[in-house]
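Notes for the structure review
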Amino acid sequence: MAFILGSGSPRRLDLLAQLGIVPDAVRPPEIDESPHKGEVPRSYCCRIAREKAQAVHAEPDDLVLCADTTVALGRRILGKPADEQEAAAFLQALSGRRHRVITAVALKKGERVWEKDVVSNVRMKRLSDADMRSYLAAGDWRGKAGGYAIQGAAGAFIPWISGSFTGIVGLPLAETANLLQAAGHCPWSAPAKETT
Ligand SMILES: Cc1cn([C@H]2C[C@H](O)[C@@H](COP(=O)(O)OP(=O)(O)OP(=O)(O)O)O2)c(=O)[nH]c1=O
């Protein structure tokens, strides 16, 4: 049995390490992440996580872990911005408002798939022109749903959240650990690693 992380996200690799798991292989899935017409954010996010898990090649007894993080502003789906201009538009839309961050996790073993999604609420302060300029110039919006990363400098923009911090970053650890346990892979049975 191999443990395969079906994700190219360095955040997911780091978060998994917090559970003491170092995957045997990392296989980023390649799928079309375009939303269907009229698709609402939560259904979209769950579908994409499931499709990522289906797209990753594995042996029948391997465990494959995939996830998708989507920022939702009302019914609007904000994925990863294509360029700086789109990142600016996303941040402008999120500025001074509350939004949701959804992370759906899909764990596959053979024909079976265990799934869980976690919805967090996030409030972003009203961003000044200087906030926007310096954040966009630093480039931390790249590859991040909604065009920001709470674990980086954008943490300064976020005075309040309700939900799962690790979920917002890309992998909700409590729920992921439960899925792993359901699939017979108990992360905390491994000897504890020393942390500083
Ligand atoms: C909202 C938010 C998202 N993100 C990241 C997590 C995800 O990596 C990314 C959303 O894109 P995803 O499509 O979920 O993942 P990905 O393309 O990075 O990797 P893969 O599909 O191979 O698993 O946004 C943060 O790092 N911090 C945040 O605060």
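Residues numbered from 1 in each chain as written. Predicted model: local features only at pLDDT ≥ 70, side-chain atom pairs only at ≥ 80, totals over all residues. Heavy atoms only, no water.

1. Thoughts on the UniProt feature "active site" (unreviewed entry) in the protein
Under the local residue numbering, the UniProt record ascribes the feature "active site" (unreviewed entry) to Asp68. Along the chain, aspartate 68 falls in strand E3 (residues 63–73). Residue classification places aspartate 68 among the buried positions, given a relative accessible area of 3%. Among residues more than four places away in sequence, those in contact with aspartate 68 are Arg12, Glu33, Tyr44, Cys45, Ile48, Ala49, Lys52, Ile102, Thr103 and Ala104. Within the structure, the side chain of aspartate 68 is placed 2.8 Å from the side chain of threonine 70, a separation counted as a polar contact. (UniProt positions renumbered as here; feature names shortened; annotations may be inferred. Helix = DSSP H or I, 4+ residues; strand = E, 2+ residues; numbered from the N terminus. Buried < 20%, exposed > 50% of the residue type's maximum accessible area, 1.4 Å probe, protein only. Contact = heavy atoms within 4.5 Å. Polar contact = N/O pair within 3.5 Å; in protein donor to acceptor, adjacent residues only side chain to side chain.)

2. Quick notes on the site of the ligand
With respect to spatial proximity, 21 residues lie near the ligand, and among them Ser7, Gly8, Arg12, Lys52 and Lys80 are the closest. Within the side chain of arginine 12, a nitrogen or oxygen atom sits 2.7 Å from an oxygen atom of the ligand. Between an oxygen atom of the ligand and a main-chain N or O atom of isoleucine 150, the distance comes to 2.7 Å. Burial of the ligand by the surrounding chains reaches 94%, relative to a free accessible area of 610 Å². Of all the secondary-structure elements, those providing two or more residues to the shell around the ligand are helix H1 (10–18), E3 and helix H5 (165–169). Class assignment of the residues belonging to the shell around the ligand gives a composition of eight nonpolar, six polar and seven charged. (Near = heavy atom within 4 Å. Areas by Shrake-Rupley, 256 points an atom, 1.4 Å probe, with all protein chains shown as cover. Nonpolar A, V, L, I, M, F, W, Y, C, P; charged D, E, K, R; others polar.)

3. Some points on the pattern of salt bridges
Considering all chains together, one arrives at eight salt bridges under this definition. Salt-bridge contacts for arginine 47 lead to glutamate 51; the nearest nitrogen and oxygen are separated by 3.0 Å. Placement of both arginine 47 and glutamate 51 in helix H2 (residues 41–55) is noted, with a separation of four residues, approximately one turn of the helix. In this structure glutamate 51 comes out as partly exposed when scored by relative accessible area, which is 27%. For lysine 125, the salt bridge is made with aspartate 131, and the minimal N-O distance between the two is 3.2 Å. A relative accessible area of 34% places lysine 125 in the partly exposed class. What you see here is one network of salt bridges that share partners, running through Glu39, Arg47 and Glu51. (Salt bridge = Lys/Arg side-chain N within 4 Å of Asp/Glu carboxyl O.)

4. Observations regarding the pairing of strand E6 (residues 112–123)
Pairing of strand E5 (residues 98–109) with E6, which is carried by 12 bridges, proceeds in the antiparallel orientation. Bridge pairing links lysine 109 to arginine 112 in E6. Adjacent in sequence and paired antiparallel, E5 and E6 are bridged by two residues, among which glycine 110 carries a positive phi angle near 60°. Alignment of E6 against strand E7 (residues 160–162), held across three bridges, turns out to be antiparallel. The partner of asparagine 121 across the bridge, within E7, is serine 162. (Pairing = 2+ DSSP bridges.)

5. Some words on the packing of aromatic side chains
When we look at a pair of aromatic rings, we describe it by the centre distance and by the angle of the planes. This structure, assessed with the given rule, holds one aromatic pair. Ring geometry for tyrosine 135 against phenylalanine 157: centres 5.5 Å apart, planes inclined by 65°, an arrangement best described as edge-to-face. Of this pair, tyrosine 135 sits in helix H4 (residues 129–138) while phenylalanine 157 sits in the loop between H4 and E7, placing them 22 residues apart in sequence. Phenylalanine 157 shares its class with tyrosine 135; the two are buried. (Phe/Tyr/Trp six-rings, centres within 6.5 Å; stacked < 30°, edge-to-face > 60°.)

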